[in-house]
Every structure is written in C-alpha cells, then in structure tokens.
Amino acid sequence: MTISAFLTDATVCIGCKACEVACKEWNEVPADGFVWSGLSYDNTQSLGASTWRHVMFLEQPQTAGPQIADTKDPFRWVFLSDVCKHCANAGCLEACPTGSIVRTDIGSVLVQKDVCNGCGYCIVSCPFGVIDRRPVDGRAFKCTFCYDRQKAGLIPACAKACPTQSIQFGNLEELQERGNNRVHELRERGYEDARLYNPLETSVGGVHAMFVILGEPENYNLPPAPEVPTIYLKSAWTSALLSAAIAFVIACVAFAH
Amino acid sequence: MTSSANPGARKASEERLDEIRKAAADAALPLRNAPVSHPQIRGKESYYGLPVLKAPVWTWEVALYFFIGGVSGMSAALAFAAQLFGGEAALIRAALFVALTGAVLCPILLIADLGRPSRFLNMLRVFKVQSPMSMGAWILVAFSGCVFVALVAFELTQRGYAIPLVIGIRWAAEASGALTGLFLAAYTGVLIGATANPVWSHNRKAIPPHFLASAVGGSGAVLELIGFLTPATQLLGFVAAVAETVLGIYFELSRLPVNSPLHRGKSGWAFRIAGTLAGPIALLVRLLSDSASGRRAAAICFLVGALLSRYAWIWAGVASAKDPEALFQIQRKA
C-alpha cells in the first residue's frame, strides 16, 4: 500500500487561491458566505465544511521571507495553503459512531457521506479544527484527498491547479524526505526559521499533509503538539467508573438505613 | 455640479486646488514613516487570533440530554438499591418510572440534535469501544430495554404474578438497568472529556464526578418532588449538595488559562450560578429546614443548578474552542 501525501510549501506559495477554487469546483463544494475579514488578503479565514483548502496570508515583522515588502520596517508576507492533515491517528475517525469516517487504501481519512448522520462528535475530536458540520445539509464534511481522482490515476485538484508547485503530491515517505531536504536547503540560504510541520512525536503519529513553513507553527494556527483524543479515554473512563461506583455505594447506604 | 447646487462649497479656483494639494500633502507626511497599522503576527502568536479548533455544533437538546440521562440513569440505580435493601414498593415503582420516562425522552433529544435525524439507526451500525459516542448509543439502547422490562416485571409481581420466573426477570432487569443507568449517567463525562476541546479534555477526570454528583442529587430531588420525603432521599440530597460544593470550589480555584471559560463570560457565569444553586444554596436550604416545603425548595434549587451546569459545560466548550492561545499554552507545557 502506498500512502498518499501532500507537501505544501509556504516559501513558494504566491497566495493565488487557485487551490481553493479548484477544490470547490472539482468537489462541487457549495459557497459558504463572503466577508471582508480585514486580515491581510484572507477572506476565507479557516477550513470548514465547505472550505477544504484555505490559503493563509501572514503579515509578520520579519526580514527573512519570500515576499519582503520593506527592509527598513521589517515586514514579510507569507502564504500557506492549509488542508485536512489526514492524520496517521485521526481523532475524527476514532470518534465517529456510525463508521462513516474510514481509512482508505491510500491512507487517507474519508467521510462517507451516505452514512454520516451529523452527530457532530468528529468536530470536537479533531485536534486541528478541520472537519465541520454543513448547515442545512446537516452532515460533516472535509477534504476527501480527491479520493475519486486518485482512484482514476489523477492527482488531487488543488495540487493540479497549483501554479508554483507549492502543493506537491506523492507518496508519504518520498515527500517526507523532500520536505526535510527543502528545509535544509532553505536554512542554508538564510531562512533560519524554516521547518517541516509533521507532528511525528505526538499521539497523532504524523500527518499525511505536511507543511514547509517559516516561523512558528502557532502562526499558522498549527497546534504545536496535537494529540488524538483517544489518549484521554483511559483516565476519563477510570474517573467515570470510579464515580459511578461511589454513586451506587451512596445509593445503597441511603436505602440501607 | 456648480457651487449653486452646493452653497456651502467654496468656488473652485487655481488657489483652491493648490490649497487642496497642500492639505493632502501635509496630512500624508506623517503617514510615510508611521508603523504599519494592519494586524501582524508576532512571536508565537496564533493566526490573527482566529480559532484553531471548531466549536461544538450541539444544540440545546444535548445539554438537556446530559441532565435527563443522568437523572434517569441514576433513578434506575436508586430503584435497584431500594430493592436490595427492602425499600417501599411505591418508591421503587416511582424510580423505575422516572428511569423509563428518561429512557423515552433521551433518544428523542439525541435524534433531534442529529444533522440527519432520519439516519439515527446508523448509530447502531458499529460497536466502537474507542468512541464514547458509539458506546453511549449502545448504553442508551440497553438501558431503555432494561428499565422497560424491569418496570413491566415489577408491575406483574405487584399484581399477583409473583411467580419465580417473573421475580427472576425483575431482579435481572433491575440489576442490569442499574448497571446501564450508572453507565448512562457516567459516560457523558467521558464523551466531552475525551475530545480535542481544551477545557473539556483538561478536566476529563473532574467532569465525570461532577456529572455523577448531579445525577445522584437530581434523581433524589425528583423523588422528593414526587412526594418521597424519606430519610434516604434526604441523605442523597445532602451528599450531592456537599459534592457539588466541593467541586464548585475546586473549579473556582483552578485558575489556569485553559479553565477561563469556567470563570469568565456567559459560560463562566452560568457555571458559577449553577454551582452555587446545586451546591451551597441547596445545602443551606436543607440544613435550615427539613420541612416538606424546605426539602422541595432544596430539590428545586439542585435540579435547576444541575441542569444549568450541563449547559455551562457545553458553552464552556464553545468558548474554549475559540481561544487559540489557551490551546497553545497547554500544548507547550505538555
């Protein structure tokens, strides 16, 4: 089994939003409102039920970056196309009570929309805030990794539409290596805060959508140490069973009197 | 338009145009070296303060379900405890009836909350131990069946069918109703505790006892309001109010940023008011008066507090999901 992966590189993204458009058109994702956010050029703001690619626009007081607008007043403009991480250990998949969310043969995490009943539990179980329920429709939606296209031998729509190869598509191991090499190269060229975002050391166990970023993961709303919520089950259930046992003992004491 | 259309305007002239140009240049000069005024991301700040996580989409039905599930689940446990220790038949019947009422209401509330209510049966497609939502669906189904059988068998034994088979079924159904009822009252704490939501997962060990305390006090209070002003329900009321008071103090003193939804804003105030009603106020009313009206007042205070605290927990989750800095802080510490 080859595991499909994305490597999205902030240092070559030009913020054109072709990925957002291509994703919407190919997957027939409905419009979800339009607001002027006032946050740089980002009027999309976040991933959601009807936004499966989201281009971020970071305005930062830094000098090392691809788009440096002003060297006297330190300023750089960084773009990054965010997407579902397709976690190795996916919180949404573990939480889904209907079996609607499955792991596919390409290693991606897929919501089967003919099964989802919109219980909303995946939404609070995603450590990246990706999946959401679509109002009116009532079901949960997120990036499908263009499973339909991949099965037909095509690359995902966003990667296909990307004009700068900021969105690279391939198999996980190869892209991991490419990501590490890219970070190494960037650091040699003076981009000292370049890094690969792939939380391998946490319970998420790494992601199938990695990112080459400049600066801190937090700046991109990428959690520094995301955890899959199943690691909390043991302590929560222990507390619940203990509390229930104590409650029953109290009930017995009350009626034994 | 000419000045005649706008009497306040000065007549256009070369001098006036010079004046306009000068005024514009003067105004623009200080801006040339002004710091950028649009939002910027510094240090380890989040992406313009936008939420990292998605807020729970659960509607009002879910918090009400937590409350009713707790009360009815614990009622089945009370019925079994009373049966074990020779409690009066009327109380056992009432407790089983409360449990069954809850078992009817709970699925309705849960189905109403679904995005696709017609697909509620999909909940029973799989049995997933690692999903508290899946476990909860199965617990609720088992609980409903057990308390229904228990109540039917109980009525049969009371109406002259006290044959060994019916008595055996009654005991089995009451016992399994109590067991599934305790699970029903307890699992909702795991349901919100084992999530990616910061305030919920951080308090995953404290939420189950909080929910159980509400269930014990709530089921006792319902029996009191029905008319069972017995020493047993009085004891349950006392213990639950003391537990709520202790937990209220604990949550109030947990001042980490991740717990700020329990202290600030809508959820914070709801949480405090709920805790005060179910804790110190219910306790004080019970201490000051053991008359029928005093106990009913205490029961009502506790029920209102317990119900409100379920909403407060949901609202706290909504507020917590919108606070990226608290999430980052807790992850950096871990």
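This text goes with the structure placed above it.
In every chain, residue numbers begin from 1 and rise along the written sequence. Chains and ligands are labelled by the order in which they are written, letters from A for the one and numbers from 1 for the other. Totals for whole chains, interfaces and linings use all residues, but because this is a predicted model, local features are given only for residues with pLDDT of at least 70 and pairs of side-chain atoms are given and counted only at 80 or more.

Caption draft 1: Just the interface of chain A and chain B, in detail. C-beta atoms are placed from the backbone for every residue, and two residues are taken to be in contact when these atoms lie within 7 Å. In this assembly, 62 residues from chain A lie in contact with 75 residues from chain B. Helix numbers and strand numbers start at the N terminus; a helix is a DSSP run of H or I with at least 4 residues, a strand a run of E with at least 2. Counting only elements with at least two residues in the side of chain A that touches chain B, the list comes to β2 (53-60), α2 (91-95), α3 (121-125), β7 (132-133) and α7 (233-256) of chain A. The element best represented in the side of chain A that touches chain B is α7(A), accounting for 17 residues.

Caption draft 2: Molecular detail of helix α1 (residues 18-27) of chain A. Comment: burial labels come from other C-beta atoms within 10 Å of the residue's own C-beta, placed from the backbone, where a count of 20 or more is buried, 12 or fewer is exposed, and between is partly exposed. Along α1(A), the residues classified as buried are A18(A), C19(A), A22(A), C23(A) and K24(A). Of the residues one or two after α1(A), E28(A) is the one with positive phi, at around 50 degrees.

Caption draft 3: Inspection of unusual backbone geometry at higher detail. All names here are of chain A. Here the phi dihedral of K17 falls at roughly 70 degrees; this positive angle occurs in a residue that is not glycine. With respect to the helices, strands and loops of the structure, K17 is situated in the loop between β1 (4-9) and α1. Of note in the backbone geometry, E28 takes a positive phi value of approximately 50 degrees without being a glycine. Here E28 lies in the loop between α1 and β2. Given 6 C-beta atoms within a 10 Å radius, E28 is considered exposed.

Caption draft 4: Looking closely at the sheet that holds strand β10 (residues 194-197) of chain A. Residue and element names in this part refer to chain A. Spatial ordering of the open sheet is given by β9-β1-β11-β10, a layout of four strands whose pairing is mixed. One side of each edge strand has no neighbouring strand; the edge strands of this open sheet are β9 (167-171) and β10. With direction set aside, neighbouring strand axes in the sheet form an average angle of 20 degrees. Where β1 lies against strand β11 (residues 209-214), four bridges are found, and the strand directions are parallel. Note that in β11 the partner of T8 across the bridge is F211. By the convention used here, strands pair only if DSSP detects at least 2 bridges between them. The axes used here are C-alpha line fits, helices contributing only the stretch in contact, and every angle between their N-to-C directions lies in the interval 0 to 180 degrees.

Caption draft 5: Region of interest: the packing of helix α5 (residues 164-193) of chain B against helix α7 (residues 207-226) of chain B. Residue and element names in this part refer to chain B. Across the interface, α5 lies against α7 with an axial gap of 8 Å and an inter-helix angle of 150 degrees. One finds that α5 runs roughly antiparallel with respect to α7. When the axes of α5 and α7 are compared, the crossing they make is right-handed. Taking contact as the criterion, the partners of A185, A186, T188, G189, V190, I192 and G193 in α5 are, on α7, I207, P208, F211, L212 and A215. Oblique is the label for any angle not covered by the other classes, which are roughly parallel (under 35 degrees), roughly antiparallel (over 145) and roughly perpendicular (65 to 115). For any pair of crossing helices, the crossing counts as left-handed if the nearer helix is rotated counterclockwise from the farther one by less than a right angle, and right-handed if it is rotated clockwise.

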